[in-house]
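# Structural features, examined
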Amino acid sequence: MRTFPVHGGPHLSPPRHVRHVMVDVLLALVPGIAAHVWFFGVGVLVQLILAAGFAIAIEAVALRWRGLPVRRIGGDPSVLVTAALFALCLPPLAPWWISLAGMLAAVVLARHAYGGMGYNLFNPAMVGYAVVLISFPREVSGWIAAGTQALDPLDVIRTILAGDLPAPLRWDTISSATPLDTVKSLAARGHMIGEIRHDPQFGDFGGRGWEWIANAYALGGLYLLWRGVIRWQVPVAVIGSVIAVSAPLWLLDADVHPMPLQHVFSGGLMLAAWFIATDPVTGCASPRGRLLFGIGVGVLTLVIRRWGSYPDGVAFAVLLMNGAAPLIDRYTRPRVFGTGSHA
Amino acid sequence: MPLYPFPGGLRLPAGKDTLPPFAVCPLPERLIVPLGPPGGPAAFCRVAPGQPVRRGTRLADPLDAAGAAVHAPAAGVVAAIGPRVLADPKAPVRCVEILVDGTDARETLPPVESPFDADPAELLQRIRDAGIVGLGGAGFPTAIKAGTPCRHLIVNGAECEPLVQSDDTLMRRQAADVIAGARVLARITGASEVTIALEDRLTAARAALAEALGANTDLRIVTVPSIYPSGGERQLIYSLTGQEVPGGQPATAIGILCQNVATVAAVWRAVRHGEPLTARLVTVAGRGVMRPTVFEVRLGTPFEWVITQAGGYAPDAARLLEGGPMMGIAQPHDAIPVTKTTTAIVVQTTSETAPAMEQPCIRCGECARVCPVRLMPQQLLTAVRREDWAQTQALALRDCIECGCCSHVCPSHIPLVDWYRFGKAELDRRIDTRQRADRSRALFLGRTQRLEREQAERVARVAARKESLAQAAVVVTVETPSAPAAGEPSPAPSTAPRTMDKAAVLAAIARGKARKAANPPRPAPPAPDEDA
């Protein structure tokens with residue numbers, strides 16, 4: 001007789017681990033990051049490195065505090081995904097402490113206060129971004145114009161870390177409103193959308209530069225779809241609902257309402273559709289729930305862009321829907337096989 | 001014929017690219033034949049130690065309709081009867097041990113000469129007498145299932161577990177038996193529609209069945225996509241008919257009988273050749289065995305013997321499974337015997353059993369996507385972990401078929417099925433506890449009521465007796481004019497008993513005096529007795 005250790009089933013090696021999922025997400029972000037760097041300079045990379053560094057350090061301290069093994073970071077690089085998504089929302093020259101504040105909010109408040117990985121109710125990256133956006137609006141809206149890379153890398157690092165621009169430059173000379181800012185402020189002053197779009201910062205369908213970044217995100221999103229990391233419902237619902245709501249308005253009065261493609265290819269919408277609203281932890285789990293969740297994000301984004309006080313509403317839309325996700329999940333349970341009614 | 005894809009499911013690496021060779025497993029020295037399922041009641045044993053048996057000798061009768069007859073798998077002598085520790089070390093099972101003599105003499109039941117003209121009741125009885133149970137792994141007595149009339153018979157050859165090829169082998173080798181058995185079952189149940197279903201990659205098995213069927217059209221051979229668990233009864237029925245078997249009910253509730261191909265072949269052999277169920281096909285597979293083979297194995301053959309015949313263990317064998325890698329159960333040792341429900345013996349190696357680091361759930365929803373029952377596995381997990389039993393029932397925990405799809409795809413490597421098994425066991429235990437409590441409460445209430453009733457009866461009896469005595473006292477009064485009761489009419493009911501008492505006492509005294517007068521006085525108890 002030979003004895004064996006017993007173990008619960010199934011006994012087939014699992015095809016995937018959380019680590020692979022997170023690594024796939026980071027890989028899928030590469031085209032978007034590349035496009036971002038192309039249009040906004042190395043500041044983007046510096047922000048990414050800063051955020052990642054802060055995130056890992058804070059995660060380690062938080063795990064230590066909670067008495068959990070710090071090496072868990074190795075098995076779960078999700079905090080790096082949080083850092084990357086957060087950094088991609090920041091202006092490339094934002095001061096370093098913005099990143100620190102954002103990561104503190106994201107990792108401590110949004111993640112560990114709720115019980116850590118897998119238990120957070122709100123998307124940590126968006127919590128971090130919302131906290132710094134509300135707390136430090138000037139620093140977080142200080143974008144430079146796409147394609148104007150006036151600074152060399154060393155100057156960029158000095159600007160971010162020390163906060164001072166090299167001698168001839170001043171903030172008001174290099175900073176620029178984002179396309180969505182422009183739309184919002186000019187439309188508020190009664191300009192027609194057609195006039196506004198003559199501004200050189202607009203491209204073919206979104207903002208100049210921004211539209212290519214959005215394309216790159218979509219490319220990464222398709223990779224995630226192909227890898228089975230995300231499912232089609234959320235991106236389709238987000239983009240679809242934005243188009244479905246903005247198209248009739250635009251057709252009705254193209255002078256007041258931006259065209260649907262403008263909405264889709266501006267700001268953070270594409271990033272949200274493929275990478276942020278698809279976050280499994282804070283989204284919905286059932287297929288119908290995901291559709292509702294995505295529609296909510298899309299519609300709320302439009303509502304905030306049109307009537308809110310911020311030019312882009314993606315982060316707030318995602319956070320609001322995060323709060324609604326458990327409720328949606330509860331009411332979108334699929335009908336159990338072999339039962340007549342919805343469970 | 002249109003197919004209806006069932007929800008969820010997985011395309012698994014089948015590991016069946018090459019068909020392992022078929023062989024008849026040689027007889028071991030000893031067979032261990034369990035008389036009941038692990039933890040369940042044993043059948044009623046008909047043999048005694050020292051008794052010679054032949055292959056097919058009936059060893060035990062079922063205790064009730066849910067059991068099945070047990071037959072000697074080989075000729076020999078009954079060496080011992082008693083509890084043996086088998087797969088579950090906590091619950092020993094009563095077993096008959098047979099010392100095999102190697103003659104392999106057999107006894108059979110009288111063959112049914114023309115099975116298609118025979119009385120269905122006779123055929124059913126034969127299935128019962130041959131000890132045939134579901135050979136697909138469930139082990140439910142076939143006679144009970146087939147005893148319900150149905151309109152559609154589905155013969156299940158969709159063996160969806162990775163590595164397992166017992167049914168495939170059986171269909172290729174015994175296609176004629178399968179088809180004839182299906183016809184017998186159709187006759188018994190009155191099914192007008194018969195479908196043999198198998199996975200689309202079993203082309204050789206399909207060809208064999210088609211050849212055996214010839215130009216006949218009374219049966220239909222249908223292939224279903226190789227999506228695990230396509231061989232699950234409910235999934236297969238849905239694939240073929242688009243009908244969902246209501247949760248908690250058998251398929252016969254919607255007029256469908258689903259039987260495994262090996263069961264159907266065994267039915268034919270029992271009916272036509274009078275052979276009781278004494279052997280089955282077992283796939284011995286996995287990287288942990290040297291020569292994977294499909295064996296015909298006598299029931300009761302210990303796993304270790306079977307594995308030795310398959311070339312023994314590989315050096316890095318690390319886990320022993322009864323069944324396939326998805327739904328099979330890891331066994332603590334290999335001294336357990338092959339039973340009627342052993343579809344496969346799988347041995348895995350250390351490289352396949354590396355412990356996976358469990359991570360918290362990231363709510364990715366993959367488990368829900370692959371669930372063939374459309375459960376919400378992650379919500380169920382939370383409910384089970386919280387021990388929120390009402391919620392587990394609301395989320396239909398009992399409808400889980402434990403196919404393992406959710407655990408398999410979970411990127412956090414959470415052993416979801418283990419949690420559900422725990423949850424189900426806990427629900428059972430709680431229901432059991434409640435039933436025990438209910439039973440105790442009913443007993444207590446019954447006892448209280450009985451005591452009250454008896455008390456009331458006693459009171460009534462006493463009252464009735466007093467009444468009759470009072471009437472007697474009236475008679476006594478007539479005889480003895482000195483009794484005071486006669487003078488008092490006393491109509492008030494409250495005082496009546498007292499009056500009657502007095503009358504009775506006086507009457508008794510009078511009788512005593514009369515007796516004394518008649519008999520000579522004895523020295524013993526004197527007057528004070530009478531004064532009291």
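Residues numbered from 1 in each chain as written. Chains lettered and ligands numbered in written order. Predicted model: local features only at pLDDT ≥ 70, side-chain atom pairs only at ≥ 80, totals over all residues. Heavy atoms only, no water.

## Digging into the packing of helix 3 (residues 166-173) of chain B against helix 7 (residues 261-273) of chain B
Residues and elements named next belong to chain B. Interaxial distance between helix 3 and helix 7 falls to 9 Å at its minimum, and their mutual angle equals 40 degrees. By the angle class used here, helix 3 and helix 7 are oblique. Where helix 3 approaches helix 7, its residues Asp167, Leu170 and Met171 are matched on the opposing element by Val261, Ala262 and Ala265. Residue classes in the contact of helix 3 with helix 7 are distributed as five nonpolar, no polar and one charged. (Axes fitted to C-alpha atoms, helices over the stretch in contact; angles between N-to-C directions. Helix = DSSP H or I, 4+ residues; strand = E, 2+ residues; numbered from the N terminus. Parallel < 35°, antiparallel > 145°, perpendicular 65-115°, else oblique. Contact = heavy atoms within 4.5 Å. Nonpolar A, V, L, I, M, F, W, Y, C, P; charged D, E, K, R; others polar.)

## Description of the packing of aromatic side chains
Note on aromatic pairs: each is described by the distance of the centres and the angle between the planes. Applying the stated criterion across every chain, the model contains 14 aromatic pairs over all chains. Residues A:Tyr114 and A:Phe122 carry aromatic rings whose centres are separated by 6.4 Å and whose planes lie at 70 degrees to one another, so their mutual orientation is edge-to-face. Under the relative-accessibility criterion, A:Tyr114 is labelled partly exposed at 38%. Judged by relative accessible area, A:Phe122 falls into the partly exposed class, the value being 24%. An aromatic cluster of at least three residues, connected via ring pairs, comprises A:Phe40, A:Trp143 and A:Trp210. Above the face of the B:Phe22 ring, B:Arg173 is positioned so that its terminal group lies 3.7 Å from the ring centre. (Phe/Tyr/Trp six-rings, centres within 6.5 Å; stacked < 30°, edge-to-face > 60°. Buried < 20%, exposed > 50% of the residue type's maximum accessible area, 1.4 Å probe, protein only. Lys NZ or Arg CZ within 6 Å of the ring centre and 35° of its normal.)

## Comments concerning the layout of surface pockets
Taken as a whole, the second largest pocket encloses approximately 650 Å³ of empty space. Lining the second largest pocket we find 22 residues, and of these B:Arg363, B:Gln378, B:Gln379, B:Thr382 and B:Arg386 sit closest to its centre. Looking at the lining of the second largest pocket, the elements with two or more residues in it are helix 17 (314-331) of chain A together with helix 10 (377-386) of chain B. Per-element tally for the lining of the second largest pocket: the top contributor is helix 10 of chain B, with seven residues. Within the lining of the second largest pocket, the residues separate by chemical class into eight nonpolar, eight polar and six charged. (1 Å grid on protein atoms, 1.4 Å probe; cavity = no way out; pocket = protein on both sides within 12 Å on 5 of 7 lines; lining within 4 Å. Points joined across faces, edges and corners; volume = space filled by probe spheres on them.)

## Regarding the UniProt feature "modified residue: FMN phosphoryl threonine" (unreviewed entry) in chain A
Residues and elements named next belong to chain A. With numbering matched to this structure, UniProt assigns "modified residue: FMN phosphoryl threonine" (unreviewed entry) to Thr178. Tracing the sequence through the fold places Thr178 in the loop between helix 9 (171-174) and helix 10 (179-188). Among residues more than four places away in sequence, those in contact with Thr178 are Trp143, Gln201 and Trp210. (UniProt positions renumbered as here; feature names shortened; annotations may be inferred.)

## Comments concerning the interface of chain A and chain B
Chain A puts 44 residues into the contact, and the matching count from chain B is 62 residues. Summing both partners gives a buried area of about 4500 Å² for chain A against chain B, and 57% of it is carried by carbon and sulfur. For the chain A face of the interface with chain B, the top three residues by lost area are A:Phe4, A:His11 and A:Phe337, together amounting to 19%. If you look at where chain A meets chain B, you find four salt bridges. With a closest N to O distance of 2.7 Å, B:Glu244 and A:Arg335 form a salt bridge. When residues of the side of chain A that touches chain B are traced back to their parent elements, those giving at least two are helix 1 (18-40) and helix 3 (72-75) of chain A. (Buried area = accessible area lost by both parts, 1.4 Å probe. Salt bridge = Lys/Arg side-chain N within 4 Å of Asp/Glu carboxyl O.)

## Section: the UniProt feature "transmembrane region" (unreviewed entry) in chain A
Residue and element names in this part refer to chain A. Cross-referencing UniProt, the feature "transmembrane region" (unreviewed entry) maps to residues 45-65, 77-98, 118-136, 232-252, 258-277 and 289-308 in the present numbering. Taken end to end, residues 45-65 comprises 100% helix and 0% strand; its first and last C-alpha atoms sit 30 Å apart. When the span residues 258-277 is considered, its composition is 65% helix and 0% strand, and the gap between its end C-alpha atoms is 23 Å.

## Some remarks on the nonpolar core
Core analysis: the biggest nonpolar cluster contains 93 residues, and A:Leu29, A:Phe40, A:Met103, A:Met270, A:Leu271 and A:Phe275 have the highest contact counts within it. Tallying contributions element by element places helix 1 of chain A first for this core, with 11 residues. If near-sequence neighbours (up to four positions away) are discounted, A:Phe275 is found in contact with A:Val25, A:Ala28, A:Leu29, A:Leu85, A:Tyr217, A:Gly220, A:Gly221 and A:Leu224. Of all hydrophobic cores here, the second largest spans 49 residues; its members include B:Ala130, B:Ala175, B:Val267 and B:Leu281. (Core = buried A, V, L, I, M, F, W, Y, C linked by side-chain atoms within 4.5 Å.)

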